[in-house]
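These are the residues of each chain, in order.
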Amino acid sequence: RGSAGKICRKRLVAICVRGRAPRHESDEPSKKMNTALPAFVSSFSLLQRHAPCITERSSRSCAVESSPVFKTGSQRLPKYTGFKTDTFLCRFRRSGRLAFLASKSLVSSPEIPFHCDAVQAPPKPPSDASLGGGMMVGGYTNVDPAVRDIVPDAVNGRTVVKVVYVVLEAQYQSALSAAVRELNARNKDIAVEIHGYLVEELRTPAYFEKFKHHLSEANIFIGSLIFIEDIAEKVLEAVEPLRDQLDACVVFPSMPAVMRLNKLGNFSLAQLGQSKGVISQFMKKRREKAGGGFEDGMLKLLRTVPKILKYLPSDKAQDARNFMLSLQYWLGGTPENLQNFLLLLADKYVKSVEQHLTFAEPVVFPDVGIWHPMAPRMFENITDYLEWDRTRKDVVRDPRAPVVGLLLQRSHLVTGDEAHYVGMLQELESKGAKVIPVFAGGLDFSKPMDDFFYFPAAQGGAPIVDAVVSLTGFALVGGPARQDHPKAIQALKRLNRPYMVALPLVFQTTEEWEDSDLGLHPIQVALQVALPELDGAIEPLVFSGRDGNSGRAVALQDRIESVAQRALKWASLRKKTAAEKKVAITVFSFPPDKGNVGTAAYLDVFGSIYRVLEALAQAGYQVDGLPDGPEDLMEEVLHDAQAKIASPELNVAYRMAIPEYERLTPYAEKLKENWGPPPGNLNTDGQNLLVYGKHFGNVFIGVQPTFGYEGDPMRLLFSRSASPHHGFAAFYTYLEKIWGADAVLHFGTHGSLEFMPGKQVGMSTNCYPDSLIGSTPNVYYYAANNPSEATIAKRRGYAETISYLTPPAENAGLYKNLKELKDLIGSYQTLKDGPRGIAIVNSIIETAKVCNLDKDVALPDSVEDDNSTQDDRDNIIGKLYIKLMEIESRLLPMGLHVVGSPPSSEEAAATLVNIAGLDREENDAISIPKALAQSIGRDIEDIYSRSDRGLLEDVELLDKMNDATKASVTALVNESADVEGRISAVKSITDFLFHREKPAWLAALNDAGFPVEEKAVKPMMEYLQFCLKQIIADNELLALIRALNGEYVLPGPGGDPIRNPEVLPTGKNIHALDPQAIPTAAAIRAAKTVVDRLLSRQKAENDGQFPESIAVVLWGTDNIKTYGESLAQVMWLIGARPKPDSLGRVNKVELIPLDELGRPRIDVVVNCSGVFRDLFVNQMNLLDKAVKMAAEADEPDEMNYLRKHALKQAKELGLSVRESATRIFSNASGSYSSNVNLAVENSSWENEDQLHDMYLSRKSFAYSADTPGAISQQRQILESSLKTVDVTFQNLDSSEISLTDVSHYFDADPTKVVAGLRKDGKKPTAFVADTTTANAQVRTLAETVRLDARTKMLNPKWYEGMLSHGYEGVRELSKRLTNTIGWSATSGQVDNWIYEEANDTFVKDEQMQKRLLDLNPNSFRKMVATLLEANGRGYWDTTEENLDRLREIYQEVEDKIEGIE
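Residues numbered from 1 in each chain as written. Predicted model: local features only at pLDDT ≥ 70, side-chain atom pairs only at ≥ 80, totals over all residues. Heavy atoms only, no water.

## Structural notes on the overall build of the protein chain
Thought 1: When you go through the protein chain residue by residue, the secondary structure sums to 58 helices and 41 strands.
Thought 2: Taken across its 1461 residues, the protein chain has 64% of its residues classed as buried.
Thought 3: The long-range fraction of contacts in the protein chain, counting pairs at least 24 apart against all pairs at least 6 apart in sequence, stands at 76%.
Thought 4: Per element, the accessible surface of the protein chain, about 52100 Å² overall, is 49% carbon and sulfur. (Helix = DSSP H or I, 4+ residues; strand = E, 2+ residues; numbered from the N terminus. Buried < 20%, exposed > 50% of the residue type's maximum accessible area, 1.4 Å probe, protein only. Contact = heavy atoms within 4.5 Å. Areas by Shrake-Rupley, 256 points an atom, 1.4 Å probe, with all protein chains shown as cover.)

Put into structure tokens, the structure is as follows:
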């Protein structure tokens, strides 16, 4: 390779596979190597196909250098025992990448007659100036389409036919180029000039202009698989005006609007969807059905229709036949087929071609079959393939060798772009596997799977394969447009094998992917990662790149090796017996503290692990020394019975010497930049790296190390996260390479591995999650209600997630003075008209103040006859009553879940009551409260509205309706409960309808005073009955055993079981959703309700003025659960709405006219969580487009605050309006959170300014639709935008997680950051939307924190439920208190009384104090320290007596932990 990037003529190298002569016993190793016959290549056309730089020059020749063995590191070619001269492997170095290429029918020859032209570097992309400044639009690809330009060298009087094409599939580039070169070289009548574009390139303005220029001179336009909405619009914009001018326009399956461009003579699809023609009707019907059936149906049609149409006399019939032939040529894909395709179009339709051109019929390939590069042909049945494979002499296999099924696209095979397939196949075979590589010509890959992955029926019909790896990148059934997931799941369930989908790069070259922090292009993530996950696919590893010059796939050997290793590890889980397999259970400890070992969201970790160990033992796994119970198990992991008290360290399972660590951890050198040389200061005894945990036979319970920088304020300020430390790396090195785990089970939501630095999606070898997990299969128990972070674990940690149930949600109830207050209100309702009415009101006011409800409801000191009316008093009582109802009915998870323990009938009823409160439109079932309201002639929304305002009559009615709903659902559940309160079988609702008596659930409603009829509530009751079956199903342990057995785990959505009961039963492989499907229409409607209430409340508290700017936080999980409600809220604030395309995908946005909007456009500053950024880059793109459209709209400042502020910022910062309208922010790629939560949890911050700096440093990475391939730090614009913020805003979407349950919410809160940036000293108002019930609420942050404290941390029902789990329950209490101080730090919205009552409840009560100390001394110490810290930082004002007692207790606990008597 010369300095100019050229390959010198005599340095092109063809390297043979490891060939060898027949073995002789006398052969020495060196002789064997020397006798290996080099596979010299004599087929010029083959080399020309694989290396476009080679052209035929008969007068010149160049010797090909050979190499007997190719080996780099651990990369080896197959160990063939015999040499076949009809096979070779060729390596070309292209931009530093290895491309493995294979073919057949080669003849040995010492010299090859060819001339090797220098390979030119790819044309440079247009300059920034040509693109209008800034980064290249498109951002992900910088390949100039000029690499696909072919202009004939010599026309020699021939007619020149000009062709322009746009395709998604880069594999057609080289085949078309070869076809055109061959045609130009050999055809005497025409020459072809061709210009090609890959779809993504049309985003670049300069390339789009070039495309339009080429079209204006073209005779023929060809398009294929144009399914991306904005690209389709660009194609229409360019082609439609020229359609009549073009001689032929041929578009293969694409968006309907693009398909309508088709024109061949009299044949047209311009009326597609309206025409009655046979083809258009067929296409319409096929498209109406989901999945890959469209293209498969087309394949069948192609076999017969052209033959029929051939005999019809009309020109239209012949034109229709030519269209079908064109599709046959195209799907055939070989250079020969494509050459004849061009000749057909030129002969029949190009007006300037006067000669009659001859062309052959399409060469047709099997629709499905088996392909192997060493086989003499494609196989169409499994018997023939297995017989051929049995007779192979080039491989020697263990009879028990795993069998891997590969799914391939036929288009890559027929176009000759199969290098990446060959590389994968040879890697698997070199590792001893048998491979069955099957293909499909359409997009239904379930058919070849069904046909070829089973033994013939005569041999029993059992599955042959042990694992399946799809190399297509697509969903199993269906391509980029529509999918049939139920059909795919049914096929995979029947096969019951692990199903991996590896990814070829489609929209990027290899170099572009490697250089990208984001990794895969967002469109590829949506089409080829998110959609296969809905089928149950796992492990989205990139395995092939793309060469920018040729468009060919390039096998990425390190990635191929990783895919192969992981596939074989999954396959080995089927081959090994249970007693042989080793399972590493990994628990988490966060924040790093001995009292936090076993951290997981709403999971009793040690109780659950104990259940898992019992299940593994029963399944035959070697589980030695199983303790007597969960408590004993916990103590053994922590060290021994005294570990909680007398040992600062956990049990040490292994001490890893530094030389061993460095030898087994290839990436250890990279970690020194952040952590210095090993062993460092974490997980070490000063000489060795320590692995904490405990062995129980072939099961190891290990404690995952933490990030390591939690306590370092300087590291927390870094805008990008640090690498894992040496102790973290050593833990995973031990699991894979020393202990030899067959699988790792990460236990609960969530650990740190998947959040380590690296690409967002599409890991490379240099990404830490990829390096850490290595080749070990990763099974991960994940909370069913957290699909977003589960998806991160799937994509970045290669996890097969298994959902576990969150605890059943129950009403919080009332306690202490709150209960007394409700009793007083009940007395008022009966005595208010009597002489004691006023006295009772005064007692209510006094008690309400004791309960601190005067912070929520404005209360007078007292009421008398002369200063209040009956209506006034009713209004006071009504407002207090609705506040009490809000507290009492608040949903909260009770206790912690134990894996494999389904809820009791009482717990199931609590969940069903909440499900019954929401309409289920898809089941034609209205909510029970709505049915009750209708039965008395009322509208439920009116009741909600009036009760929200505190109107006593409606508050009472709503309370009565809630009680009736609960009674009815409980009656339904009790019909199926046994005497122990458990449900083993659910009785059908029809069982009760055959009896004459009224069903108990209906009687409960009627007895409560609601004359509701059975038909009004029966649909909901039937739906609840279905939900009950799902709730009591117990699949969590079974799914784990299936995963460890190398079986297929059924996929299922994650989310809130109340909103979406399809989340149940748990024990599913969690997936998120199609990111292009949100926001849905229902989410948009719900979002408008919240936005209207938010603006109304702010206006009421701000002298009738709209807020000019609102800072909004977007969460990944929230938007999955609600199908994009908070995303839609941002659009409503701006005054924009999404526009679904013809396939229902949301890829466009438009402004709502001001006269329709009816208010000003609100400026927004959107901060997206790192998880949202990873999952919804397309939605960030939509939001940025909406923001920029609003900023550039020609509207008055008083009606467009976004434009008003952007104009001012542009002037102040010296930017264009478009640049200053940057409003969509997140973390740097591969980084998550602001680190404010880590600082608070570890008390590692000096002052609030430090927290503000963390936020601004880490959350200031801006996203722009103009440069979608990059996220750049724009702190100055973020600060400028936050200066005008009047309101900060977040959403709560489900009952399981509220403000103090997790640290994420305060970590993302900018309330004090805004207050510090505003120059006018004004503090923003902080609001929280609560959409956990049908009656959405908008509360202030302070109101929400108070509600959280009353219903959870200070509520005996909640904390006793937690403490029933002992050690882990105390940790949950400590976490809530820590998160409360986090809200003080970021917002200042925590009332003093909350800390005071926490101290009274958990510290001053000596009995409670002793209980907490005994259960978990480390977590109790943290609680005491948190209270002292709250005082020290000025968040809690209390007596000196309280502080002295806290200091005293802290010292006592400290001494006890350290073993000091």
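## Section: the nonpolar core
Thought 1: The biggest cluster of nonpolar side chains holds 168 residues, and the ones touching the most others in it are L406, I585, F747 and Y781.
Thought 2: Residues contacting L406, with those up to four places away along its chain left out, are M424, L425, L428, V435, I436, P437, V438, F453, V469 and L471.
Thought 3: By size, the runner-up hydrophobic cluster in this structure holds 129 residues, among which are V841, V955, V969 and L1005. (Core = buried A, V, L, I, M, F, W, Y, C linked by side-chain atoms within 4.5 Å.)

## Some remarks on helix α44 (residues 1177-1191)
Thought 1: In this model α44 runs 21 Å from its N-terminal to its C-terminal C-alpha over 15 residues, within 8% of the 21 Å that 1.5 Å per residue would give.
Thought 2: Extensive coverage of α44 is indicated by the burial of 13 of its 15 residues. (Expected span 1.5 Å × (residues − 1).)

## Observations concerning a negative patch on the surface
Thought 1: Together, E921, E922, D924 and E1062 line one region of the surface with negative charge.
Thought 2: Mapped onto the elements, D924 comes out in the loop between α31 (905-915) and α32 (928-935). (Patch = residues over 30% accessible without salt bridge, like charges linked within 9 Å, V, L, I, M, F, W, Y side chains within 5 Å. Salt bridge = Lys/Arg side-chain N within 4 Å of Asp/Glu carboxyl O. Lys, Arg positive; Asp, Glu negative; His and termini not counted. Charge placed at Lys NZ, Arg CZ, Asp CG, Glu CD.)

## A few points about the packing of aromatic side chains
Thought 1: Counted under the stated rule, the structure contains 28 aromatic pairs.
Thought 2: For the ring pair F747 and Y781, a centre distance of 5.2 Å and an interplane angle of 70° mean the geometry is edge-to-face. Residue F747 is found in strand β25 (residues 743-747), and its partner Y781 is found in strand β26 (residues 778-783); the two are separated by 34 residues along the sequence. For the pair shown, F747 and Y781 are each scored as buried.
Thought 3: Seen in terms of ring centroids, F1306 and W1383 are 6.4 Å apart; in terms of plane orientation they differ by 70°. Their pairing is edge-to-face. Here the residue F1306 occupies a position in helix α50 (residues 1304-1307), and W1383 occupies one in helix α54 (residues 1367-1386), the gap between them amounting to 77 residues. Per residue, the accessibility class of F1306 equals that of W1383, and both read buried.
Thought 4: Sitting above the plane of the F208 ring, K234 keeps its charged end 4.6 Å from the centroid.
Thought 5: Directly above the ring of F1010 sits K960, whose terminal nitrogen or CZ lies 5.3 Å from the centroid. (Phe/Tyr/Trp six-rings, centres within 6.5 Å; stacked < 30°, edge-to-face > 60°. Lys NZ or Arg CZ within 6 Å of the ring centre and 35° of its normal.)

## Let's talk about the side chain of K263
Thought 1: Residue placement: K263 occurs in strand β11 (residues 263-264).
Thought 2: Here K263 sits buried without a salt bridge, and the closest side chain of opposite charge, D244, lies 5.2 Å off (N-O distance).
Thought 3: Non-local contacts of K263, meaning those with residues more than four positions away in its chain, are made with R243, D244, L246, D247, A248 and C249.

## Re the sheet that holds strand β19 (residues 542-546)
Thought 1: Spatial ordering of the open sheet is given by β18-β19-β20, a layout of three strands whose pairing is mixed. Edge positions in the open sheet fall to β18 (503-504) and β20 (553-555), since each of these has one partner strand only.
Thought 2: Across two bridges, the pairing between β18 and β19 is parallel. Bridge pairing in β19 places P504 opposite S544.
Thought 3: Here helix α18 (residues 557-575) sits on the sheet in contact with β19 and β20, set at roughly 155° to β19. (Pairing = 2+ DSSP bridges. Axes fitted to C-alpha atoms, helices over the stretch in contact; angles between N-to-C directions.)

## Digging into unusual backbone geometry
Comment: phi is negative for the bulk of residues other than glycine, and the bulk of peptide bonds are trans.
Thought 1: Cis rather than trans, the peptide bond between P678 and P679 has omega equal to 10°.
Thought 2: Residue position: P679 is located in the loop between α23 (668-675) and β23 (688-696).
Thought 3: The omega angle of the peptide bond from L1064 to P1065 is -10°, so this bond is cis rather than trans.
Thought 4: Here P1065 is to be found in the loop between β30 (1051-1053) and β31 (1069-1071).

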